[in-house]
Amino acid sequence: MPHTTPSPYVPEIGETVRDVARNRVGEVMARGKEFYALRPLGGGREWDVAPSDIRPLAQDEVLRVRGAEANGRSTGRVSCRYCDRLRLEKVVAWRELDREQVFRIDEELEEHARTGHPPLRAEGFGPPRR
């Protein structure tokens, strides 16, 4: 019996798939000759994946990961570069015992989360400093 290799999985643009090399789930944004571009479900920076590293997700798995992402976004657990930078600044302020700065950063984090993590400006990480 001759050995045959199964044909590779070919996802559609917009489909939710798993990158098994990085153990990440993403949405297919583009297809190149030797890669697919995936984007995190909540948005963010795309990454390239070899076709051999992409696996389809069952419908129940798609619903579960999309639901978890939406829940994380609504509770503020999903981060962004702007949040990460503010949290780092907060750690520095704590170490310097600058309570006013810690309080200001907490307010800014709350405002940023309340506005739903708006798109980040190209020239910086977020809204202008006060």
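Above this note sits the structure.
Residues numbered from 1 in each chain as written. Predicted model: local features only at pLDDT ≥ 70, side-chain atom pairs only at ≥ 80, totals over all residues. Heavy atoms only, no water.

Details of the pattern of salt bridges
Here's step 1: Under the counting rule described, the total for this entry stands at seven salt bridges.
Here's step 2: Among the salt bridges present, the one from R85 reaches E89, with a minimum N-O distance of 3.4 Å. Of this pair, R85 and E89 are both found in helix α2 (residues 81-95), four residues apart, which corresponds to roughly one turn of the helix.
Here's step 3: Residue classification places E89 among the partly exposed positions, given a relative accessible area of 22%.
Here's step 4: Between R104 and E108 there is a salt bridge, with its nearest N and O atoms 2.5 Å apart. Taken as a pair, R104 and E108 lie in helix α3 (residues 99-114) at a separation of four residues, close to a single helical turn.
Here's step 5: In this structure R104 comes out as partly exposed when scored by relative accessible area, which is 22%.
Here's step 6: Take E108: its relative accessible area is 6%, and that puts it in the buried class.
Here's step 7: Each of R18, E61 and R64 takes part in one network of salt bridges that share partners. (Salt bridge = Lys/Arg side-chain N within 4 Å of Asp/Glu carboxyl O. Helix = DSSP H or I, 4+ residues; strand = E, 2+ residues; numbered from the N terminus. Buried < 20%, exposed > 50% of the residue type's maximum accessible area, 1.4 Å probe, protein only.)

A closer look at the nonpolar core
Here's step 1: Of all hydrophobic cores here, the largest spans seven residues; its members are V17, V28, Y36, L38, W47, V49 and I54.
Here's step 2: Listed by contribution, the elements that provide at least two residues to this core are β3 (36-40) and β4 (47-49).
Here's step 3: With sequence-adjacent residues up to four places away left out, W47 is seen in contact with D19, R22, R24, V25, G26, Y36, A37, L38, R39 and P40.
Here's step 4: Counting six residues, the second largest nonpolar core, distinct from the first, contains C80, C83, L86 and I105. (Core = buried A, V, L, I, M, F, W, Y, C linked by side-chain atoms within 4.5 Å. Contact = heavy atoms within 4.5 Å.)

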